[in-house]
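Survey of secondary and tertiary structure
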Amino acid sequence: LLACVLNFLIEVISRHSFFEAWSYMTGTPLVFLFNAFLIFATFMIVYLFRRRVFVRILLCVFWLFLGACNGYLLLKRVTPFNAQDLKVLSDALELTSNYFNGFEIVMLTIGIVAVVLWVISMWRRGGQYTGKMHRIIAVIAVVASGFAYVGLTDVAIDKRVISNYFGNIAFAYEDYGFPYCFAASLFNTGINQPAGYSEETMAEINKDGCLNVSETSRSKEELPNIMFVQLESYFDPTEVEWLRFSEDPIPNLRKLYADYSSGYFKVPSVGAGTANTEFEVLTGMSSRFFGPGEYPFQTCLKDQTVESVAYDLKENGYATHAIHNHRAAFYSRNEVYPNLGFDDFTALEYMPAVEKTPTNWAKDGVLKDQILQALDVTEDQADLVFTVSVQGHGKYPMEPELEDPAVTVEACPDEAYRWALEYYVNQIHEMDAFVGDLIQELEARDERTVLVLYGDHLPALGLEAENMESSSLYRTEYIIWDNFGLEQQDEPLAAYQLSAAVLGRLGITTGLMTAFQQTCREEPTYRADLRMLQYDALYGKGYCYEGEARYRPTEMEMGMVPIEITGMEQRAGDWFILGENFTPYCVVTQNGQLLDTEYEAPWLLRVTEEPNTADYRDLEISVVDKHNEVLSNTE
């Protein structure tokens, strides 16, 4: 009975409604009881302890805490709380100020402290069991409950009461309940070995090695620069049927839709999950074959390489650059990008002081100069420049935040919702201006260039599929701009098909996954074969790569240009360090010790403590992020 009560309370919190939780319980009683049994199974451990009331209280607090986390996160985003969030906990703590206002932080802190104090008080007040302990029987009961739950899960899946495949994680939590879905996200990770996996099967999928053949129909001189710009939370807001604006929020992108290849862009998530769209575009792999809510950047790519568009283009002589105007360690990009073939990575810590949005995200205008710089640092090579923007990121304030918005919302069903939408459309209006400025600069350069623009997912604005002209929450838009006359081809693409489609239009078939996406999309076994290829590359025996690691991690540089000290001088008691390419995250270091440093300009740092040397050659510069993680050091 306690397990059922807890399960119901968790669903009330998660669904933000007593009545929706009641409908879930009465409408799908088998699903409800299945989730209650999971909670019940965890309660069997109380018989291992004498303080049984106290342990029951701890378990109740644990389950309600998980439910509260899910309920609160669903107020801020579409993706529910899952085990993968625990793997990016440090990143989540960094974003506390972005998602919580001061009052919410204070109330949250008070609530947590109050619960902790109450639990501590119950240590004494709960009393102890005074009868004879039967710990062996209790252990057997705990183990039996665990096996019973596993067996019951298999039966429930077989009878289609629940499912172990979450095509849409948000809908799965609604249909199958929070306890089961959270547990599935905790234990169901990676890609399970597909039935029929063997060397012979992989040879058949690989067309007996034909997909491994590297071909490029263009000469080295004809190969263009290729740029991908992933626009945070971008979609065409006029797709929402009931929205009206004072003017078109995206005039530059609107013109590109008409004049260049474009179409709907199928993405793996809504309201969050930037890194999974990024993963799909870079690798040609689908994130839906992984565990529910899983981020491959966090679970498998930190310690192994995999084929990517960067590796494929490096085989054609390209220099490969990654750019992101947010923290380098977010989603472990500084660890993952070397395993995806990038030569250098320029994150926020390697950029000059940037303008921020009212909700504290870096604006995308800074990206234009960074992208152009990437083209300039390797003048003798064609360039791949992969850029991830951040300006459009939520949360979106539910009160007036902009003093003089360039675009106003003229029609919206709710006043508070209107402010969130107005804030959002003004951010993408500025993103649109950045795109216009970038294209103007690229047109002025005498270099063949392809620029691919796309939205990573819809914003967390509570949109419904029936509100969308596309009738889907998993479609944004993409555009392929060029300056040398590529034929316009409009078609819908999934994120994992985009890079192969772009390379195919340029006559580049380098790479197994690229060739597969270019030639096998219409085959009836396409999705099953794609899953098999992903398993073989990431978890299997690498049959398609002859059992060897084909790709080696790059010696990736942090930043495109070197940070250098050229001199030092003392003025009015402070020391000033002279140099080049300083950023607000540069810290002067002496013998491994970080000195108190203030950023003055890209060529000047102020040291407010005595460096104990007058020779600048005794000093180094460390780039240190806001969590005091050292990202790189000068030599």
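Above this text is the structure in question.
Rules behind the numbers
- Residues numbered from 1 in each chain as written.
- Predicted model: local features only at pLDDT ≥ 70, side-chain atom pairs only at ≥ 80, totals over all residues.
- Heavy atoms only, no water.
- Patch = residues over 30% accessible without salt bridge, like charges linked within 9 Å, V, L, I, M, F, W, Y side chains within 5 Å.
- Areas by Shrake-Rupley, 256 points an atom, 1.4 Å probe, with all protein chains shown as cover.
- Salt bridge = Lys/Arg side-chain N within 4 Å of Asp/Glu carboxyl O.
- Lys, Arg positive; Asp, Glu negative; His and termini not counted.
- Charge placed at Lys NZ, Arg CZ, Asp CG, Glu CD.
- Helix = DSSP H or I, 4+ residues; strand = E, 2+ residues; numbered from the N terminus.
- Buried < 20%, exposed > 50% of the residue type's maximum accessible area, 1.4 Å probe, protein only.
- Pairing = 2+ DSSP bridges.
- Contact = heavy atoms within 4.5 Å.
- Axes fitted to C-alpha atoms, helices over the stretch in contact; angles between N-to-C directions.
- Parallel < 35°, antiparallel > 145°, perpendicular 65-115°, else oblique.
- Left-handed = near helix turned anticlockwise from the far one by under 90°.
- Nonpolar A, V, L, I, M, F, W, Y, C, P; charged D, E, K, R; others polar.
- Phe/Tyr/Trp six-rings, centres within 6.5 Å; stacked < 30°, edge-to-face > 60°.
- Core = buried A, V, L, I, M, F, W, Y, C linked by side-chain atoms within 4.5 Å.

On the surface, Glu 20, Glu 174, Asp 175, Glu 464 and Glu 466 cluster together to form a negatively charged patch. The residue Glu 174 is located in helix α10 (residues 169-176) in this model. Here Glu 174 falls in the partly exposed class, since its relative accessible area comes to 43%.

Before going further, it helps to examine the sheet that holds strand β3 (residues 261-266). The strand order across the open sheet built from nine strands is β10-β3-β9-β8-β1-β6-β4-β5-β11, with neighbouring strands paired in mixed fashion. Of all strands in the sheet, those with a lone pairing partner are β10 (493-494) and β11 (557-558), marking the two edges. Summarising the sheet, strand β4 (residues 319-324) and strand β5 (residues 344-346) pair through three bridges and their orientation is parallel. Counterpart to Ile 323 in the pairing with β5 is Thr 346. On the sheet, helix α13 (residues 251-259) packs against β3, β8 (449-455) and β9 (475-482) and is oriented at approximately 75° with respect to β9. In this fold helix α19 (residues 415-444) packs onto β1 (225-231), β8 and β9, with an angle of close to 170° to the strand it touches most, β8.

Bringing the packing of helix α18 (residues 366-377) against α19 into the picture now. For any two helices packed against each other, the geometry is given by the interaxial angle and the distance between the axes. Relative to each other, α18 and α19 sit at 30°, their axes nearing to 9 Å. Taken together, the axis directions place α18 and α19 in an arrangement best described as roughly parallel. Helix-helix and strand crossings are classified by hand; for α18 and α19 the assignment is right-handed. In contact with Leu 367, Lys 368, Ile 371, Leu 372 and Leu 375 of α18, α19 contributes Phe 434, Asp 437, Leu 438, Glu 441 and Leu 442. Residues that form the contact of α18 with α19 fall into these classes: seven nonpolar, no polar and three charged.

Another point: the environment of Thr 299. Assignment of secondary structure puts Thr 299 in helix α15 (residues 296-299). With 110 residues separating them in the primary sequence, Thr 299 and Thr 189 have C-alpha atoms 8.2 Å apart.

With that settled, the discussion passes to the packing of aromatic side chains. For the structure shown, the criterion picks out 33 aromatic pairs. Relative to Tyr 417, the ring of Trp 242 lies with its centre 6.1 Å away and its plane at 50°, an arrangement referred to as tilted. Residue Trp 242 is located in the loop between β1 and β2 (244-245), and its partner Tyr 417 is located in helix α19; the two are separated by 175 residues in the primary sequence. For Trp 242, a relative accessible area of 27% puts it in the partly exposed group.

Turning next to the nonpolar core. Nonpolar side chains in soluble globular proteins generally cluster together in the buried interior. Judged by nonpolar contacts, the single largest core of 90 residues is most densely connected at Phe 228, Tyr 337, Phe 342 and Leu 498. The element best represented in this core is helix α22 (residues 526-538), accounting for seven residues. Aside from chain neighbours lying at most four places away, what touches Phe 228 is Val 281, Val 309, Leu 384, Val 385, Phe 386, Thr 387, Val 452, Tyr 454, Leu 498, Ser 499 and Val 502.

Let us now look at the pattern of salt bridges. One pass over the full model with this rule turns up 22 salt bridges. In this structure, Glu 569 and Arg 571 form a salt bridge, with 2.6 Å as the shortest nitrogen-oxygen distance. Classification of Glu 569 as partly exposed rests on a relative accessible area of 30%. Since its relative accessible area comes to 38%, Arg 571 is described here as partly exposed. Taken together, the shared-partner salt bridges connect Asp 574, Glu 598, Glu 600 and Arg 606 into one network.

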